[in-house]
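Examination of the molecular architecture
In case you want the letters, here they are:
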Amino acid sequence: MTPFRVLGIETSCDESAAAVVENGDTILSNVIASQAEIHARWGGVIPEVASRKHVENLLPVIHSAFERSGLNWVDIDGIAVTNRPGLVGALLVGVSAAKALAYVHGKPLVGVHHLVGHLYANFLAKNPPLFPFLSLIVSGGHTELLLMRDDNTRERLGHTLDDAAGECFDKCARLMGLPYPGGPNVDRLAMEGDPLAVAFPRAWLGGSYDFSFSGIKTAVARFLKNDGGKTPLPDVAASFQEAVVETLVRKTIKAAKETGMRTVAVGGGVAANRRLAASMRRECEENGLRLVIPPPVLCTDNAAMIAAAGYPRLLKGESDPLSLDTFAVESL
Ligand code: KG4
Ligand code: ZN
């Protein structure tokens, strides 16, 4: 097979990232400059700061992606860039750079939906899924349960009606006084806590595959206020995390059984959560399902997943015009 190599570029939030991926499944380089430390000062991402940092970081990150892959522009067959959804100022930095590079080096360019990127991170895992499969995408902005029939056919079974799973982690972390980014800090603290210490509510929403996480946020706020610090924080973190994880796992397993899917693929930043991975693994094993979860570095934002998601279109000879636009919001 002739190698087909895609340069991926990702700047939708607070990671400036570039990667080179061969044939949609082999990572030759994957470089990420995180701004998390900078935004931690404000307890969340400041959009204008993010854009300015992307301007500073992106070209060095692309340079480094080339250096680590050992390749040059002549070896690249196309460019894939995240153009939706995300912080528009941040997206514009990546998209403008991608357009300029595509024009100068005469390479085809495709815009990639960030969530499709998270989905394609599964194809970079050691045991990639085969179509059809069930996909759970859990990130800072989305919670989606999808039935993936093939590259172009996806059916949405459920999504969040309010907060995304990652947003819930971040907001509850803040209530617990944990620094940004909240999710990984809850994950760490929960390792030392008892998940059964506090009975936080689970929103089952009848038999629906939809999710709702705003109730648990209110419950955590109320609990912390009434408890006055008596319950050890690791117990609160572990119990909160358990409520989110149990909801995600139960609904996913139910959907897999009811749709007859044999493979479950999980992606997005929250898929880096150790309790979610362990619980999903146990339940999949018990139900005879195959589980795919990419390594944590491919769950959180990266450009390898964007290159992998752009690969099928680029391989077919498709491309987007240099007038490619950016969009703050776009559902799958
Ligand atoms: O996919 P991602 O990197 O960016 C978005 O597309 O939003 O996801 C970021 C989200 C944040 O809410 C972050 O707190 C959460 O993923 N996250 C985690 C963990 N690592 C990242 N949540 C729980 N446990 C983790 N280990
Ligand atoms: Zn993301």
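What you see is a predicted model; the values in this text were computed from it and never measured.

**A closer look at the overall build of the chain**
- The helix and strand tally for the chain stands at 11 helices and 10 strands.
- By principal-axis analysis of the C-alpha atoms, the chain measures approximately 60 × 45 × 30 Å.
- Taking all 332 residues of the chain together, the buried fraction comes to 55%.
- Put simply, of all contacts in the chain between residues at least 6 apart along the chain, 73% involve residues at least 24 apart.
- Of the side chains in the chain, 32 bear a positive and 36 a negative charge, and the two mean positions are spaced by 3 Å.

**Observations regarding the domain arrangement of the chain**
- Domain assignment breaks the chain into domain 1 (5-120 + 299-315) and domain 2 (131-293).
- A C-alpha centroid distance of 27 Å is found between domain 1 and domain 2.
- In this complex, domain 1 contributes 17 residues to the contact, which on the side of domain 2 involves 18 residues.
- For the domain 1 and domain 2 pair, buried surface summed over both sides reaches about 1300 Å², with 70% attributable to carbon and sulfur atoms.
- Together, Leu115, Leu119 and Cys299 form the three largest contributors to the area buried by domain 1 at its contact with domain 2, with a combined 44%.
- Between domain 1 and domain 2 we count zero salt bridges in total.
- Counting the contacts that link domain 1 with domain 2 gives four residue pairs in polar contact (both at pLDDT 80 or more).
- Going through the elements one at a time, helix H1 (36-40) and helix H4 (114-120) are the ones with two or more residues in the side of domain 1 that touches domain 2.
- The element contributing the most residues to the side of domain 1 that touches domain 2 is H4, with five residues.
- Tallied by class, residues from the side of domain 1 that touches domain 2 come to 11 nonpolar, five polar and one charged.

**As for the coordination of the zinc ion (ligand 2)**
- Coordination of the zinc ion (ligand 2) by the protein involves His114 (NE2), His118 (NE2) and Asp301 (OD), with metal-donor separations of 2.0 Å.
- Counting along the primary sequence, the residues that act as donors to the zinc ion (ligand 2) give the motif H-x3-H-x182-D. Taken together, the residues histidine 118 in helix H4 and aspartate 301 in the loop between helix H10 (296-299) and helix H11 (304-315) connect sequence positions 183 residues apart.
- Of the residues examined, histidine 118 reaches a relative accessible area of 1% and is grouped as buried.

**Here we look at the sheet that holds strand S6 (residues 133-138)**
- Ordered in space as S8-S7-S6-S9-S10, the five strands form an open sheet in which the pairing is mixed. Strand pairing shows two members of the sheet lacking a second neighbour, strand S8 (153-159) and strand S10 (290-292), which therefore form its edges. Recorded for the sheet is a direction-independent mean angle of 20° between the axes of neighbouring strands.
- When S6 meets strand S7 (residues 143-150), the two strands line up antiparallel, connected through six bridges. In the sheet register, isoleucine 137 faces S7, and the bridge partner there is glutamate 144.
- Helix H8 (residues 233-259) contacts S6, S7, S8 and strand S9 (263-267) of the sheet and is inclined by roughly 160° relative to S6.

What counts and how
- Numbers given to residues run from 1 along each chain, matching the order in which its sequence is written.
- Working convention: letters from A go to chains and numbers from 1 go to ligands, in the order in which they are written.
- Local features in a predicted model are, by the rule used here, given only for residues with pLDDT of at least 70; side-chain atom pairs are given and counted only at 80 or more, and totals for whole chains, interfaces and linings are based on all residues.
- Water and hydrogen atoms were dropped before computing side-chain values, which therefore reflect all heavy atoms in the structure.
- Here a helix means four or more residues in a row that DSSP labels H or I, a strand means two or more in a row labelled E, and each is numbered from the N terminus.
- When a residue's accessible area, from a 1.4 Å probe over protein chains only, is under 20% of the maximum for its type it is buried; when over 50% it is exposed; and in between it is partly exposed.
- The contact rule is simple, with two residues in contact once any of their heavy atoms fall within 4.5 Å.
- Positive residues here are Lys and Arg, negative ones are Asp and Glu, while His and the chain termini are left out of the count.
- Lysine's charge is taken at NZ, arginine's at CZ, aspartate's at CG and glutamate's at CD.
- For the domain bounds, the source is a domain assignment made automatically or taken from a database.
- Accessible-area loss on putting two parts together, using a 1.4 Å probe and summing over both, is the definition of buried area adopted here.
- By definition, a salt bridge exists where a carboxyl oxygen of Asp or Glu is found within 4 Å of a side-chain nitrogen of Lys or Arg.
- Counted as a polar contact is a pair of N or O atoms within 3.5 Å, where, for protein atoms, one must be capable of donating a hydrogen and the other of accepting one, and residues adjacent in sequence contribute only when both atoms are in side chains.
- In the scheme used here, Gly and all other residues not listed as nonpolar or charged are polar, with Ala, Val, Leu, Ile, Met, Phe, Trp, Tyr, Cys and Pro taken as nonpolar and Asp, Glu, Lys and Arg as charged.
- Here the coordinating atoms are restricted to nitrogen, oxygen and sulfur within 2.8 Å of the metal centre, or 3.2 Å for Na, K and Ca, and because water is not among them the sites may look incomplete.
- Only when DSSP finds a minimum of two bridges between them are two strands counted as paired.
- Axes here refer to lines fitted to C-alpha atoms; in helices the fit is confined to the stretch in contact. Angles between the N-to-C directions go from 0 to 180 degrees.

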